[in-house]
Amino acid sequence: MSGLARGSGGRAFAGALAYATCVGLGLSASRLTAVHGVESALGVGLLLPPAVAACSALDALRWRACDTREVLHVVLQRAVALWAAPTLVLAVGSLRVRQCTPLEGLTFMLLGPLVGVLLAAATGVWVASLALGRVTWREARRRRVASSLAALLPIGALAVGVLRFWATPTISIYGAYAGWFPGTIYDEDVALTATYVSQRAITGALTFGLLGGWVAARDATTGAVRVGLALRQRGLALASALAVAGFGLAVFYAPELGHASTRTYIDEQLGRVLPGHACVLHTPRELPVESAQRLLDDCEFSVAQAEAGLGVHATRPVHAFFYRNAEEKRRLMGAGATFIAKPWRDEVHLQLGGWPHPVLAHEVVHAIAAYASRGPFAVSATLAGWFPNPGLIEGVAVAVAWDERDGLTPDEWSAGLLAHDALPAARDFLGLGFGQLEPRRAYSAAGSFVRYLRAREGVDTLRAVHRLGRVEGVTRASLSELEAGWHAHLRAIVLPDGALDLVALRLTRGSVFETVCPHRVARLRATLAGDLGAADFESARGTCRELLAIDPNDLSTRAYAVGVEARSGRFARAEEGLTWLREHDAPKAFEAYAAAALADALLARDAFEEAAAAYVALLPLQPDEASRRQIEVKLLALQSSREQARILRSLLLGDHGRAVGPARAMQLTQALEAVRGDGLAPYLAARQLMGEGEYAAALRPLHQAARRGLPLPSLTREHHRMLAMTLYALGRWDELDAHLRGPMADDPALTTLTAYWRARAAFRRPQAARR
């Protein structure tokens, strides 16, 4: 090997080493990629293999008359050195940016770019040996062609990955060289999986097969490969052939292994395809037909709404995939908790989650917006449709789907942000800066602005803006004029009680690019949710400690910790945690949650007087109607009798900290009905039945609740919402029309919801009559 090393410090390797170091420095510019992790591993895996392949090809050409194993040794050493350069730079980055999972991060660097550069090295030496077989080539041409072709192979593999992303439902791509692209960068719940490990093991087998075959077939005097030489080393040749064949077999069975996916394979796993006029539904086979039909109705109305909002007509049905849960969705197409649309494939991918589905309309707009788009991905984009504008992509979806989140419309969220002097500038959210913002701020601002733009400039202009991927130069008014008008529109909005506190809550969160250890935090929060659901307070306490060790100023975790301590009976520690939130000027929403958890713990321990006093003090802190309503119901029970307090405690807080099942909940509502004469018990029974999708059974107790009367205005308002949903689900159009024109129309707080159900009824009623 020393003979090879002398005088062989080729310029290609020196240049590749400098390039690899620059890759590491470039990744260090962002907090998200400045340390070892899935994102930085992907960056190195994308950028390094072409350089390694080219360098390895040149080395194999330079040392064509040397011992094969000696050449292989040096080539692999150099490949590892090129991988080590950015890896070491990123390791130094952990001194500046906190690394919460160093072992997992290093594992990503080993499985991703290290496996990739070793495969690239194998690619390079094979290309060099094949080029040496062309004896008529001049040396300069041989070097040029071999290095270029070797570099192009990893780039070609990347193109195959992009093609797979474009041509199949999957959003998570496994590449032989690049490693793992887990899907959307804003999906924080990303972790090392057995599927990824298996894919890299299979890639390692391919690398072994290529290198073993090269060693067996290479002529040490010319550097070319000869089949006859391979036959002299039958054992190595056979093992190499089996390894390459194993890789080919794994590619063939990629969907079964979780390394790829197809629409056919997803349909096999889900089990039901339900075609409609404007949508095709792909759902789990066990989902009741009635529930599937309601989802199909959801989808078809969303298509009509999107067509009207954008002034387009869809000529192909939208394929809506509903997975059983986030984990199945992650396994079958790559995106776990994140909802996804693939407009160029007319697809939306979601998991089951209530009816009407809370996100379906938004994703359907993405699919229909393809008819006002250009380019290969059918999204809002510049450069002839090749450079996406995420702010316009999401802004159009929010503006057209237009709904409430936590009781506020996007206009109200944006007005609250403006009041806090925290509304992002239009230039920040109408481009790549969109991803740098906290999602709720970015989505709300973009949606509110786009809706204002459509109202001012017209739907034709909105389509042009979406198609060209920019506002400036398309609209009659300049961006600054539009922004000034939008701000004036927001200042005229009267915000509901508690809105500013809700907005302040969002201002404490950052984007995935700003969060400390986002993936570790996401997993710990999921663990905490499981701990609380299982009433495992000891485990929850430990999880809270881990989260606060990462970020001591994590206000949401501090609020959760108050509840954990209180429900464990450690009221002194809970009070200390609540005092900390108050002393650090935490937004009222955090204080409200923590204080409510403390009051709930008092109620759970039959400390009724103390709980009642705590709830009375809590009411002014509640930022939204739903939380106020829950506290009002608890106070109602506490002020009635101990028996009612115990019944409602079990219904709202569960038995011994665990949520009650449907049978137990119905038993409790019957017990409540025996001691109350108003409509509270049938209201709660109807709520339980609706949660199970039993709308026909829910109608009777809803009518009973209306006849008997509900004891609180907030319950009456929620009853109006529930009755509208039930009447629509059952197709009782005349009753629904009377309800929307009567009680719902009389309540200004229900204006948005009333318009929504009127639009749905107007869309569905003629079709139902035709059937």
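Look up a bit, the structure's there.
Worth saying up front: this structure is predicted, and the values here are computed from it rather than measured. (Residues numbered from 1 in each chain as written. Predicted model: local features only at pLDDT ≥ 70, side-chain atom pairs only at ≥ 80, totals over all residues. Heavy atoms only, no water.)

So, on to a nonpolar patch on the surface. On the surface, a nonpolar cluster with roughly 390 Å² of combined accessible area is contributed by Tyr19, Leu46, Leu47, Leu158 and Val162. Taken together, the elements giving at least two residues each to the nonpolar patch come down to helix 3 (38-47) and helix 7 (139-167). By relative accessible area, which is 39% here, leucine 47 ends up partly exposed. (Patch = residues over 30% accessible without salt bridge, like charges linked within 9 Å, V, L, I, M, F, W, Y side chains within 5 Å. Areas by Shrake-Rupley, 256 points an atom, 1.4 Å probe, with all protein chains shown as cover. Salt bridge = Lys/Arg side-chain N within 4 Å of Asp/Glu carboxyl O. Helix = DSSP H or I, 4+ residues; strand = E, 2+ residues; numbered from the N terminus. Buried < 20%, exposed > 50% of the residue type's maximum accessible area, 1.4 Å probe, protein only.)

Turning next to the pattern of salt bridges. Summed over all chains, the structure comprises 40 salt bridges. Two residues, glutamate 139 and arginine 142, come together in a salt bridge whose shortest N-O distance is 3.5 Å. Taken together, the positions of glutamate 139 and arginine 142, both in helix 7 and three residues apart, correspond to about one turn of that helix. Put simply, arginine 717 and glutamate 625 hold a salt bridge, and the shortest N to O gap is 2.5 Å. Linking arginine 717 in helix 34 (residues 713-729) with glutamate 625 in helix 29 (residues 625-638), this pair joins segments that are 92 residues apart in sequence. For glutamate 625, a relative accessible area of 18% puts it in the buried group. One salt-bridge network, held together by shared partners, links Glu625, Arg629, Arg687, Arg717, Glu718, Arg721 and Asp747.

Here we come to the nonpolar core. Counting residues in hydrophobic clusters, the biggest one holds 98 residues, and the most contacted among them are Phe429, Phe449, Val471 and Tyr615. No other element matches helix 27 (residues 588-604), which puts eleven residues into this core. Setting aside its immediate chain neighbours within four residues, tyrosine 615 contacts Ala599, Asp600, Leu603, Ile631, Lys634, Leu635 and Leu638. Judged by nonpolar contacts, the second largest core, of 56 residues, contains Met109, Ala131, Ala146 and Ile202. (Core = buried A, V, L, I, M, F, W, Y, C linked by side-chain atoms within 4.5 Å. Contact = heavy atoms within 4.5 Å.)

This brings us to helix 25 (residues 555-567). For helix 25, with 13 residues, the first-to-last C-alpha span of 19 Å sits near the 18 Å given by 1.5 Å per residue. Across the 13 residues that make up helix 25, a large majority, ten, are buried. Those residues of helix 25 that fall on the buried side of the exposure criterion are Leu555, Ser556, Thr557, Ala559, Ala561, Val562, Gly563, Val564, Glu565 and Ala566. Looking at the buried residues of helix 25, the elements they touch are helix 23 (518-533), helix 24 (537-550), helix 26 (571-583) and helix 27. At the exit of helix 25 stands glycine 569, carrying a positive phi of roughly 90°. (Expected span 1.5 Å × (residues − 1).)

The buried count for strand 5 (residues 318-323) comes to six of six residues, which makes it a mostly enclosed element. Side chains Val318, Ala320 and Phe322 project from strand 5 onto one buried face, and the interleaved His319, Phe321 and Tyr323 project onto a second face that is buried too. Bridge count for strand 4 (residues 279-284) against strand 5 is four bridges, and the pairing is parallel. The partner of valine 280 across the bridge, within strand 5, is histidine 319. Once you follow strand 4 into helix 13 (residues 289-310) and on to strand 5, the crossover reads as left-handed. (Pairing = 2+ DSSP bridges. Right-handed = clockwise from strand over helix to strand, strands pointing away.)

A word on the environment of alanine 370. Its place among the elements puts alanine 370 in the loop between helix 15 (360-368) and strand 8 (381-382). Apart from residues no more than four positions distant in its own chain, alanine 370 is found in contact with Pro343 and Ala378.

Within strand 4, six of the six residues are buried, which leaves it mostly tucked inside the rest of the structure. Sheet topology note: the strand 3 (residues 271-275)/strand 4 ladder contains five bridges and is antiparallel. In the sheet register, arginine 272 faces strand 4, and the bridge partner there is threonine 283. Counted along the chain from strand 3 to the antiparallel partner strand 4, the turn is three residues long.

A separate point is the state of the cysteines. Following the criterion strictly, the structure yields one disulfide and no others. Left without a disulfide partner, cysteine 55 is nearest to the cysteine sulfur of cysteine 22, which lies 15 Å away. Judged by relative accessible area, which is 4%, cysteine 55 ranks as buried. Left without a disulfide partner, cysteine 544 is nearest to the cysteine sulfur of cysteine 100, which lies 16 Å away. Given the relative accessible area of 3%, cysteine 544 is considered buried. (Disulfide = S-S within 2.5 Å.)

Let's shift gears to the sheet that holds strand 6 (residues 340-342). Reading across from one edge, 3-4-5-7-6 is the order of the five strands in this open sheet, with mixed pairing throughout. Of all strands in the sheet, those bounded by a partner on one side alone are strand 3 and strand 6. When strand polarity is set aside, the average angle formed by the axes of neighbouring strands in this sheet is 15°. One ladder, built from five bridges, connects strand 5 with strand 7 (residues 347-351); its direction is parallel. Note that in strand 7 the partner of histidine 319 across the bridge is glutamate 347. (Axes fitted to C-alpha atoms, helices over the stretch in contact; angles between N-to-C directions.)

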